[in-house]
Amino acid sequence: AQQPGTALSTQEYRQFFRSLRAAHRARTACFLRGLYGCQNPLVQRLDEYENHGVIPEGPICSELPRTRFFPDFCTFSFYRCTRKRYFIKV
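Within each chain, residues carry numbers counting from 1 in the order of the written sequence. In keeping with the model being predicted, local features are shown solely for residues with a pLDDT of at least 70 and side-chain atom pairs are shown and tallied solely at 80 or more, while totals for entire chains, interfaces and linings include all residues. As a rule here, side-chain values cover all heavy atoms of the structure and leave hydrogens and water aside.

We count it as follows: UniProt positions are given in the numbering used here, feature names are shortened, and annotations may be inferred rather than shown by experiment.
Naming follows an unreviewed UniProt entry, where the chain appears as Acrosin-binding protein of Syrrhaptes paradoxus. In the Function (unreviewed entry) part of its UniProt record, the chain is described as follows: "Acrosomal protein that maintains proacrosin (pro-ACR) as an enzymatically inactive zymogen in the acrosome. Involved also in the acrosome formation."

Quick look at the state of the cysteines
The condition is simple: Criterion for a disulfide: a pair of cysteine sulfur atoms at a distance within 2.5 Å. Each helix is a run of DSSP H or I of at least 4 residues and each strand a run of E of at least 2, with the numbering of both proceeding from the N terminus.
Under the counting rule described, the total for this entry stands at 2 disulfides. Paired through a disulfide, Cys30 and Cys81 show a sulfur-sulfur distance of 2.0 Å. Since a negative S-S torsion denotes a left-handed disulfide, the Cys30-Cys81 link at about -80 degrees is left-handed. On the criterion of sequence distance, the pair formed by Cys30 in helix α1 (residues 10–36) and Cys81 in helix α3 (residues 73–83) is long-range, its members being 51 residues apart.

So, the packing of α1 against helix α2 (residues 41–50)
Inclusion rule: To get an axis, fit a line to the C-alpha atoms, keeping to the stretch in contact for a helix; angles then go from 0 to 180 degrees between the N-to-C directions. Our angle categories are set so that under 35 degrees counts as roughly parallel, over 145 as roughly antiparallel, 65 to 115 as roughly perpendicular, and the remainder as oblique. Crossing handedness is read from the near helix: turned anticlockwise from the far helix by less than a right angle, it gives a left-handed crossing, and turned clockwise, a right-handed one. Any two residues whose heavy atoms approach within 4.5 Å at even a single point are treated as in contact. Gly counts as polar in this scheme, as do all residues outside two lists: the nonpolar Ala, Val, Leu, Ile, Met, Phe, Trp, Tyr, Cys and Pro, and the charged Asp, Glu, Lys and Arg.
Packing of α1 against α2 leaves a shortest axis separation of 9 Å and a crossing angle of 140 degrees. One finds that α1 runs oblique with respect to α2. In this structure, α1 meets α2 at a crossing whose hand is left-handed. Contact with α1, carried on its side by Ala29, Leu32 and Arg33, involves Leu42, Val43, Leu46 and Asp47 of α2 and no other residues of that element. Within the contact of α1 with α2, the residues separate by chemical class into 5 nonpolar, no polar and 2 charged.

Quick look at the structure:
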């Protein structure tokens, strides 16, 4: 354990910034989704990347207690973006 008030170690900085970069990338993807919509080829490539090459069709289940189902992946993704809950899994 480090002393309170001291700088992070090199490894701790890597871990700290790794999560920040992930959130920044998620915000960027959400910006593109809001700007261009789900039918945009770039947004579709991002969706395919997130889903191992295939955008899921049909209803989407989530881990959210109040909202467990979405009609499609686009609706699910918009929900994550508007709520800033970027890393909710299906």
